[in-house]
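Fold and contact review
The lines below spell out each chain.
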Amino acid sequence: MNLADLFTVAAVCAGAFFFLAGSVGLLRFPDALTRLHALTKADNLGLGLVVLGLLPRVDGVLGGLKLVVIWLLALLASAAASQLIARAVKRSEPGA
Amino acid sequence: MTRDGNEGPTIGAALTRFLGFAALWGVLIRSGQPGDLAVGALTAAAATWASLRLLPPATGQVRFAVLAARSPRFLWQSILAGIDVARRALAPRMPLAAGFVAYRTGLPRGQARNTFATITSVLPGTVPVADDDTGMVYHCLDTGQPVTAQLAADERAYGKALVPGRAHG
């Protein structure tokens, strides 16, 4: 196992840890709004670390760029979706 | 890029967006086959049409070069946000002091404020839940943190990338 393999294993495992932490937050946090924090923030970092770990294994710059773009699109989608859900929750439960 | 007017979408804005969407398609699909290129051109044209309808250039501009220059700050804050929420989720006593914090912003309603809201929704401990003419309301995991000071620092850091325009329904 060379250095690049070790880096991949470490970064992907770290990414999986944050996905796990986000899912634990989803189960343990008390309401919809706090659960949104858990899902968006922990999963964004988890996916970012998985992408980072896979970067040394891609064929060329464009392959790496594709992975980074996928992460950015997931980031944008989760940021937009979390705001929409948060605004809907706030409207339906003003005191939430 | 910073042109502001009410004359509707300009040819320049449409071309810039089309090229941006086409480049995005090219990076994701990575194919030179004529059939793929045709589908890509159609997709980029449809995306350009939708973006001009939903986000007309007059509603504001985002300076992507300035935003890209802020990416180290953004990446570092994303890491802090992930660690913060993971720590709270996994700690046996689950330290949460959740609540709402009002934040007065200098950014007018419209694309500039929406982009700021999108950026700050990824930052540690904050999710925007509402906004009105004077400011925004954030849901925070820990209201004991200096949330408004942090948001003001973020507004200074990212504000230069956000050019306000007229409000758009």
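Residues numbered from 1 in each chain as written. Chains lettered and ligands numbered in written order. Predicted model: local features only at pLDDT ≥ 70, side-chain atom pairs only at ≥ 80, totals over all residues.

1. As for the overall build of chain B
Put simply, the rule is: Strands here mean DSSP runs of E at least two residues long; helices mean DSSP runs of H or I at least four residues long; both are numbered from the N terminus. Here, residues touch in the contact sense if the C-beta positions derived from the backbone fall within 7 Å of one another.
Helices and strands together make up the secondary structure of chain B, namely six helices and five strands. Excluding contacts between residues fewer than 6 apart, the proportion of contacts in chain B whose partners are at least 24 apart in sequence is 73%.

2. Quick look at helix H5 (residues 111-120) of chain B
Quick reminder of the rule: Neighbour density around each residue's C-beta defines its exposure: 20 or more other C-beta atoms within 10 Å make it buried, 12 or fewer make it exposed, and counts between make it partly exposed, where C-beta atoms are placed from the backbone.
With nine of its 10 residues buried, H5(B) lies for the most part within the structure. Of the positions making up H5(B), those classed as buried are B:Gln111, B:Ala112, B:Arg113, B:Asn114, B:Thr115, B:Phe116, B:Ala117, B:Ile119 and B:Thr120. Where H5(B) is buried, its residues touch helix H3 (61-92) of chain A together with strand E1 (60-62), strand E3 (126-131), strand E4 (135-140), helix H6 (147-159) and strand E5 (162-164) of chain B.

3. Description of the interface of chain A and chain B
The condition that has to hold: Only Asp, Glu, Lys and Arg are considered charged in this grouping, and only Ala, Val, Leu, Ile, Met, Phe, Trp, Tyr, Cys and Pro are considered nonpolar; every other residue, Gly among them, is considered polar.
Listed as interface residues are 29 residues of chain A and, on the opposing side, 26 residues of chain B. Counting residues per element, the side of chain A that touches chain B draws most heavily on H3(A), at 12 residues. Among the residues making up the side of chain A that touches chain B, the classes are represented as 16 nonpolar, eight polar and five charged.

4. Side note on the confidence of the model for chain B
Atomic detail in the predicted coordinates should be set aside for any region of low pLDDT. Residue and element names in this part refer to chain B. Keep this limit in mind: pLDDT expresses how confident the predictor is about each individual residue, on a scale running from 0 to 100.
Averaged over every residue, the pLDDT of chain B is 86; the share at 70 or more is 92%. Mean pLDDT values over the elements of chain B span from 78, in E1, up to 93, in helix H2 (residues 34-54). Contacts of residues 1-7 to residues separated by more than four positions or lying in other chains number eight contacts, the stretch itself having pLDDT below 50. Predicted complex metrics record ipTM = 0.88 and pTM = 0.85.

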